[in-house]
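# Observations on chain architecture
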Amino acid sequence: MTDLPDSEGLPRWYHDAVTLRREIHMHPELRFEEHHTARVLSERLTELGYTVKTGVGGTGVVATMKRGEGANVVLRADMDALPLTEVGDHEYRSQIDGVMHACGHDVHTAVVTAAARLLGEDDVWAGTVTILMQPAEEIPYGEKSGARAVIESGAIDFTDATVLGLHCWPWLPIGTIGIDPTVAMASKDAFRIVMRGATTHAASPVDGRDAILAMSDLVS
């Protein structure tokens, strides 16, 4: 590695990752609108020596570095923010009204970019490293996800790939990486339930079906 620790014992790549995270945090963008984020990340990955594709699945970024024959590894981070208003007075708070990175995607992209940098500087591996900056992880019911859009674009060959998806997890101690060989989080599935009732006089509830009561019981 080329980075030397500073006076605090932290390497240059760490400070660059913090700067990148704050830049993305200040300019959050909603699903499939991540144009500024994609531009910043694609420029950074190009500087690191990766072959970069933009506009993948709409606004996604795919960067590849290949060194001979070996494992095919994909490092994935999501880019989109949420339609929320950030409060607080820290200097890097959101500059976009009604939009903020409340789920850590600014952290995800910065960490994966730092990993891409360290891998690019390390000459002990062989194979293919692909960096996937995915759009539209936060989607409402019925909308197409960024993951599906990226898969359908054909920009990445997932045939023999090991895909590592990153998520920050505040319950882990600092400096700890959590890896689960099975299921780490619940899947994001959407479904619709229709409750159909039947009206009746309040004096004879047995002749009707109370949809509100049934739905309340279903929720509990």
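About the thresholds
In every chain, residue numbers begin from 1 and rise along the written sequence. Where totals are concerned, whole chains, interfaces and linings use all residues; where local detail is concerned, this predicted model gives features only for residues with pLDDT of at least 70, and gives and counts side-chain atom pairs only at 80 or more. Hydrogens and waters are ignored; side-chain quantities use all the structure's heavy atoms. Only centres within 6.5 Å qualify two rings of Phe, Tyr or Trp (six-membered ring in Trp) as a pair; their planes then separate them into stacked at under 30 degrees, edge-to-face at over 60, and tilted for everything else. Partly exposed describes any residue whose relative accessible area lies between the buried limit of under 20% and the exposed limit of over 50%, with all areas from a 1.4 Å probe on protein chains only and scaled to the type maximum. We define the nonpolar core as a collection of buried residues of types Ala, Val, Leu, Ile, Met, Phe, Trp, Tyr and Cys that are connected through side-chain atoms lying within 4.5 Å of one another. The secondary structure listing takes helices from DSSP runs of H or I that are at least 4 residues long and strands from runs of E that are at least 2 residues long, numbered from the N terminus. The contact criterion used throughout is that any non-hydrogen atoms of two residues lie within 4.5 Å. Within this analysis, patches are made of residues with over 30% relative accessible area and no salt bridge. Like charges are joined at 9 Å or less; nonpolar side chains (Val, Leu, Ile, Met, Phe, Trp, Tyr) at 5 Å or less. Accessible areas in this description were obtained via Shrake-Rupley with a 1.4 Å probe; residue shielding takes into account the shown protein chains only. One side-chain nitrogen of Lys or Arg within 4 Å of one carboxyl oxygen of Asp or Glu is enough to make a salt bridge. Here a strand pair is declared whenever DSSP counts at least two bridges between the two strands. In this analysis, axes come from line fits to C-alpha atoms, helices being fitted only over the stretch in contact, and the angle between any two N-to-C directions falls in the range 0 to 180 degrees. Small angles under 35 degrees read as roughly parallel and large ones over 145 as roughly antiparallel, with 65 to 115 read as roughly perpendicular and the rest as oblique. Take the far helix as your reference; a near helix turned counterclockwise from it by less than a right angle gives a left-handed crossing, and one turned clockwise gives a right-handed crossing. In this count, Pro and Cys sit with the nonpolar residues alongside Ala, Val, Leu, Ile, Met, Phe, Trp and Tyr, while Asp, Glu, Lys and Arg are called charged and the others, Gly among them, polar.

## A word on the packing of aromatic side chains
Within the structure shown, the criterion is met by 2 aromatic pairs. Ring centres of Trp-13 and Tyr-14 lie 6.4 Å apart, and the angle between their planes is 75°; this geometry places the pair in the edge-to-face category. Relative accessible area serves as the criterion here: at 27%, Trp-13 is assigned to the partly exposed category. When its relative accessible area of 35% is taken as the criterion, Tyr-14 is described as partly exposed. Here Trp-169 and Trp-171 contribute two aromatic rings whose centre-to-centre distance is 5.0 Å and whose plane-to-plane angle is 55°, an arrangement assigned as tilted.

## Quick word on the nonpolar core
Nonpolar side chains tend to gather and get buried jointly when the protein is soluble and globular. One finds Leu-20, Leu-41, Leu-45, Tyr-50, Val-112, Ile-131 and Met-133 to be the most contacted residues of the largest nonpolar core, which totals 20 residues. The set of elements that each furnish at least two residues to this core consists of helix H1 (12-26), helix H2 (35-47), strand E2 (60-67), strand E3 (71-78), helix H3 (105-121) and strand E4 (127-134). Residue contributions to this core peak at 4 residues, all from H2. Ignoring any residue separated from it by four or fewer positions in sequence, one finds Leu-41 in contact with Leu-20, Ile-24, Met-79, Thr-109, Thr-113 and Met-133. Counting 8 residues, the second largest nonpolar core, distinct from the first, contains Val-56, Val-62, Val-150 and Ile-156.

## Some details on a nonpolar patch on the surface
Residues Trp-169, Trp-171, Leu-172 and Met-185 make up a contiguous nonpolar surface patch of roughly 470 Å² in combined accessible area. When you line up the elements, Leu-172 lands in the loop between strand E5 (162-165) and helix H5 (211-219).

## Focus on the sheet that holds strand E1 (residues 51-56)
Spatially, E1-E2-E4-E3-E5 is the arrangement adopted by the 5 strands of the open sheet, whose pairing is mixed. Bordering the open sheet on either side are E1 and E5, each of which pairs with just one other strand. Along the sheet, successive strands turn relative to each other by an average axial angle of 20°, direction set aside. Across 7 bridges, the pairing between E2 and E4 is antiparallel. By the bridge assignment, Val-62 is partnered in E4 with Leu-132. Where H3 meets the sheet, its contacts fall on E2, E3 and E4, and the angle it forms with E3 comes to roughly 150°.

## What about the environment of Leu-41?
Its place among the elements puts Leu-41 in helix H2. Taking the relative accessible area as the measure of exposure, Leu-41 reaches 0% and is therefore buried. Along the sequence, Leu-41 and Met-100 sit 59 residues apart, while their C-alpha atoms lie 18 Å from each other.

## Observations regarding the packing of H1 against H2
Running from N to C, H1 and H2 cross one another at 160°; their axes reach a closest spacing of 10 Å. Judged on the interaxial angle alone, H2 and H1 are roughly antiparallel. Helix-helix and strand crossings are classified by hand; for H1 and H2 the assignment is right-handed. For the pair formed by H1 and H2, the contact residues are Asp-16, Leu-20, Glu-23 and Ile-24 on the first element and His-36, Thr-37, Val-40, Leu-41 and Arg-44 on the second. The residue inventory of the contact of H1 with H2, partitioned by class, reads 4 nonpolar, 2 polar and 3 charged.

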